[in-house]
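Analysis of the macromolecular model
What follows is the residue order along each chain.
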Amino acid sequence: MTRGLFISFEGIDGAGKSTHIDALAAALRARGRSVVLTREPGGTPLAEKLRALALNDPMDPLTEALLMFAARRDHLLQVIEPALARGDAVLCDRFTDATFAYQGAGRGFDLQVLAGLERWVQTVPAVDAPGIRQPDLTVWFDLAPAVAAQRLAGARVPDKFESQPQAFFARVAAGYGARAAADPGRFLRVDADQPREAVWRDVEAGLKQRGLLA
Ligand code: TYD
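Keep in mind that what you see is a predicted model, and the values were worked out from it rather than measured.

1. Remarks on the overall build of the chain
Of the regular secondary structure elements, the chain holds 8 helices and 5 strands. Secondary structure elements in the chain, listed N-terminal to C-terminal, are β-α-β-α-α-β-α-α-β-α-α-β-α. Its C-alpha radius of gyration of 16 Å places the chain within 12% of the 17 Å reference for a compact globule of 214 residues. Considering only C-alpha atoms, the chain reaches an extent of 45 × 40 × 30 Å along its principal axes. For the chain, with 214 residues in total, the buried portion stands at 50%. Long-range pairs, those at least 24 residues apart, make up 77% of the contacts in the chain between residues at least 6 apart in sequence. Summed over all atoms, the accessible surface of the chain reaches about 9900 Å², with 56% contributed by carbon and sulfur.

Pasting the structure below:
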């Protein structure tokens, strides 16, 4: 049976990850792979309710982090783990790196506490201790906050995060950089400040290089 494959996609708001997630899903399906497309926070009925709260209601950073991880736990157990057990490819629009980048670096919340929550939430029966469930690959769309802000301007009604000032996104971007530096083997950094086709070529090449796309 095919081994499950877990890929997450990250980047600041406006980095343009969505079209590439869809393109990768199509590319994998064209090669006969079963693909589960999902997102965080969200991906289950309960986690989608938590998403609506986390993205719209003001709250302190710990409450926000707990909601993200609560949504993640439900999503992992209900959707991600069963899909990986079936041998599917799970393409997840954001995962825990977003919590480190947004709640940690962006909001300034304690990274040690986040690391503890990460350990609790991502401990699953299918992964032998001391390991925890992590994506096999994280595609990081890296884009300067000023460019992202231009792309977002007037796009739609912004949610709580999208309406943050550019300085917030500069911290979030640095947060992603720190996560990537701490686990370079898991990250595929893609320069998102290029035409869409060039970004896609980089995504495709990165996956091929890792043997994840034929
Ligand atoms: P996003 O992924 O950009 O979805 P959409 O394209 O529908 O807007 O929105 C999710 C938002 O949630 C984004 O601003 C980042 C934020 N977020 C966190 O702050 N922490 C997290 O742990 C996750 C998963 C997302």
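2. Notes on the UniProt feature "domain: Thymidylate kinase-like" (unreviewed entry) in the chain
Feature annotation in UniProt places "domain: Thymidylate kinase-like" (unreviewed entry) on residues 9-202, given in this structure's numbering. Here residues 9-202 is 55% helix and 12% strand, with 14 Å between the C-alpha atoms at its ends.

3. Observations concerning the pattern of salt bridges
A full pass over the atoms with the stated rule returns 16 salt bridges. Taking the shortest distance from any N to any O, the salt bridge between aspartate 88 and arginine 86 comes out at 3.0 Å. Relative accessible area serves as the criterion here: at 8%, aspartate 88 is assigned to the buried category. Of the residues examined, arginine 86 reaches a relative accessible area of 49% and is grouped as partly exposed. The salt bridge partner of arginine 186 is aspartate 183, with a shortest N-O separation of 3.0 Å. A network of salt bridges, in which partner residues are shared, links Asp97, Glu118, Arg179, Asp183 and Arg186.

4. A word on the nonpolar core
In terms of nonpolar packing, the biggest core is built from 45 residues, with Ile7, Leu24, Leu91, Tyr102, Val139 and Phe141 touching the most fellow members. Element by element, the count of residues in this core is highest for helix α7 (residues 166-182), at 6 residues. In this structure, tyrosine 102 is in contact with Gly11, Ile12, Asp13, Arg94, Arg107, Phe161, Phe168, Phe169, Val172 and Tyr176, ignoring residues within four places of it in sequence. In this structure, Val36, Ala83, Leu84 and Cys92 belong to the second largest nonpolar core, which totals 11 residues.

5. Re the environment of glutamate 40
As for its placement among the helices and strands, glutamate 40 is situated in the loop between β2 (35-39) and α2 (45-56). Once the C-alpha coordinates of glutamate 40 and alanine 89 are considered, the two residues, 49 residues apart in sequence, prove to be 16 Å apart. Sequence-distant contacts of glutamate 40, defined by excluding residues within four places in its chain, comprise Arg51, Arg72, His75, Ile80, Cys92, Asp93, Arg94 and Phe95.

6. Looking at the packing of helix α1 (residues 17-30) against helix α8 (residues 196-209)
Running from amino to carboxyl end, α1 crosses α8 at an angle of 50 degrees, the nearest separation of the two axes being 11 Å. It follows that α1 is oblique to α8 by the angle criterion. Two packed elements cross with a definite hand, and for α1 against α8 that hand is right-handed. Where α1 abuts α8, its residues Thr19, His20, Ala23, Leu24 and Ala27 lie against Arg196, Val199, Trp200 and Leu207. When its residues are assigned to classes, the contact of α1 with α8 shows 6 nonpolar, 2 polar and 1 charged.

What counts and how
- For every chain, the first residue of the written sequence is number 1, and numbering continues from 1 onward in sequence order.
- Selection of residues for local features in this predicted model requires a pLDDT of at least 70, selection of side-chain atom pairs for listing and counting requires 80 or more, and totals for whole chains, interfaces and linings are taken over all residues.
- Hydrogens and water molecules were not included; the side-chain quantities draw on all heavy atoms of the structure.
- By the criteria applied, helices consist of DSSP H or I runs no shorter than four residues and strands consist of E runs no shorter than two, each listed in order from the N terminus.
- Radius of gyration here uses only the C-alpha atoms, and the compact-globule reference equals 2.2 Å multiplied by the residue count raised to the power 0.38.
- Note on exposure labels: buried denotes an accessible area under 20% of the residue type's maximum, exposed denotes more than 50%, and partly exposed covers the range between, all computed with a 1.4 Å probe on protein chains only.
- The contact definition used throughout considers only heavy atoms, calling two residues in contact when any of these lie within 4.5 Å.
- Here the accessible surface of atoms and residues is derived via Shrake-Rupley with a 1.4 Å probe, and residues count as covered only by protein chains that are part of the display.
- UniProt positions are given in the numbering used here, feature names are shortened, and annotations may be inferred rather than shown by experiment.
- Criterion for a salt bridge: a side-chain nitrogen of Lys or Arg within 4 Å of a carboxyl oxygen of Asp or Glu.
- Note on terminology: a nonpolar core comprises buried Ala, Val, Leu, Ile, Met, Phe, Trp, Tyr and Cys residues joined through side-chain atoms within 4.5 Å.
- Only the contacting stretch of a helix is used when fitting its axis, a line to C-alpha atoms as for every element, and angles between N-to-C directions run 0 to 180 degrees.
- Roughly parallel refers to an angle under 35 degrees, roughly antiparallel to one over 145, roughly perpendicular to one between 65 and 115, and oblique to any angle outside these ranges.
- Two helices crossing with the near one rotated counterclockwise from the far one by less than a right angle form a left-handed crossing, whereas a clockwise rotation gives a right-handed crossing.
- Residue polarity follows a fixed list, in which Ala, Val, Leu, Ile, Met, Phe, Trp, Tyr, Cys and Pro are nonpolar, Asp, Glu, Lys and Arg are charged, and the others, Gly among them, are polar.

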